[in-house]
Each structure stands twice: as structure tokens, then as C-alpha cells.
Amino acid sequence: MDEGSSGPVGETVRSTMFVKGSVQGVGFRWWTRARALELGLVGHARNTADGRVEIVAQGSAEAVDALEALLRESPSTTRRPGHVVSVVVQTGVPRDGTTGFVER
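Predicted model, so just to flag it, every value in this text is computed and none were measured.

Enquirer: Would you explain the packing of helix 1 (residues 28-38) against helix 2 (residues 61-72) in this entry?
Expert: For any two helices packed against each other, the geometry comes down to the angle between their axes and how far apart the axes lie. Where helix 1 contacts helix 2, the two axes come as close as 10 Å, and the packing angle between them is 145°. Helix 1 and helix 2 meet at a crossing whose hand is right-handed. Contacts between helix 1 and helix 2 involve F28, W31, T32, R35 and A36 from the former and L67, L70 and L71 from the latter. Among the residues forming the contact of helix 1 with helix 2, the class breakdown is six nonpolar, one polar and one charged.

Written out as C-alpha cells, the structure reads:
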């Protein structure tokens, strides 16, 4: 496994990312959904009560890593709305039957 990678090449992985900053009410979940679908990921993005956005992304390790990189990128080259201060990632076990990527 490469340093900084979510998992071996080709392996399905699942990560939960908590994004802190000015990320609610600015189109951030919509932007995240669009990028996730472009990368072939499944999961969701939802606002949390403490002002963060929780993103659950499942798919290839490369695609999950690419989404995380887009979330962290500063300045954004993809016109990401809002302002990201930090991204905290928790790895998890992939779940069978997860389809689509939705805003909650």
C-alpha cells in the first residue's frame, strides 16, 4: 500500500470524511456529490449539527483518495464552494448494497 493511500490498488474501500469550515449553505454537498459521481463513488454527504459536512465515500482506493485530495486542495481548481479548514478521515469497512451518491 502506498503511503497516504486508503488501500491497495483495485480494492474497494470506505471512508468517512468530516469537513470543517464554511461548508453549509453554500452548495458544498451538491459539489461533493458531483465530484463523487464523476469518480464512480457511492455514499452520501450530509450536514451535521455542529456545522461540519460528513461525507461517506465508498469505491476504489484511488477514487476515494482523489475525492479527499479535492476536498483538501487549496486553492480549489474545481470551483469548490465554501472554505475548507480541515478534513478528518476515518476508514471503515465497505458495505454491500450501497448504491448512488446522495445529499442528505
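Enquirer: I'm lost on the pattern of salt bridges in this one. Help?
Expert: If charged atoms from side chains of opposite charge come close, those side chains can pair. Considering all chains together, one arrives at four salt bridges under this definition. Ionic pairing is found between R35 and E38, a salt bridge with its closest N-O pair at 2.9 Å. With R35 and E38 both in helix 1 and three residues apart, this pair spans about one turn of that helix. In this structure E38 comes out as exposed when scored by relative accessible area, which is 58%. The salt bridge partner of R72 is E68, with a shortest N-O separation of 2.8 Å. With R72 and E68 both in helix 2 and four residues apart, this pair spans about one turn of that helix.

Criteria and thresholds
Residues numbered from 1 in each chain as written. Predicted model: local features only at pLDDT ≥ 70, side-chain atom pairs only at ≥ 80, totals over all residues. Heavy atoms only, no water. Axes fitted to C-alpha atoms, helices over the stretch in contact; angles between N-to-C directions. Helix = DSSP H or I, 4+ residues; strand = E, 2+ residues; numbered from the N terminus. Left-handed = near helix turned anticlockwise from the far one by under 90°. Contact = heavy atoms within 4.5 Å. Nonpolar A, V, L, I, M, F, W, Y, C, P; charged D, E, K, R; others polar. Salt bridge = Lys/Arg side-chain N within 4 Å of Asp/Glu carboxyl O. Buried < 20%, exposed > 50% of the residue type's maximum accessible area, 1.4 Å probe, protein only.

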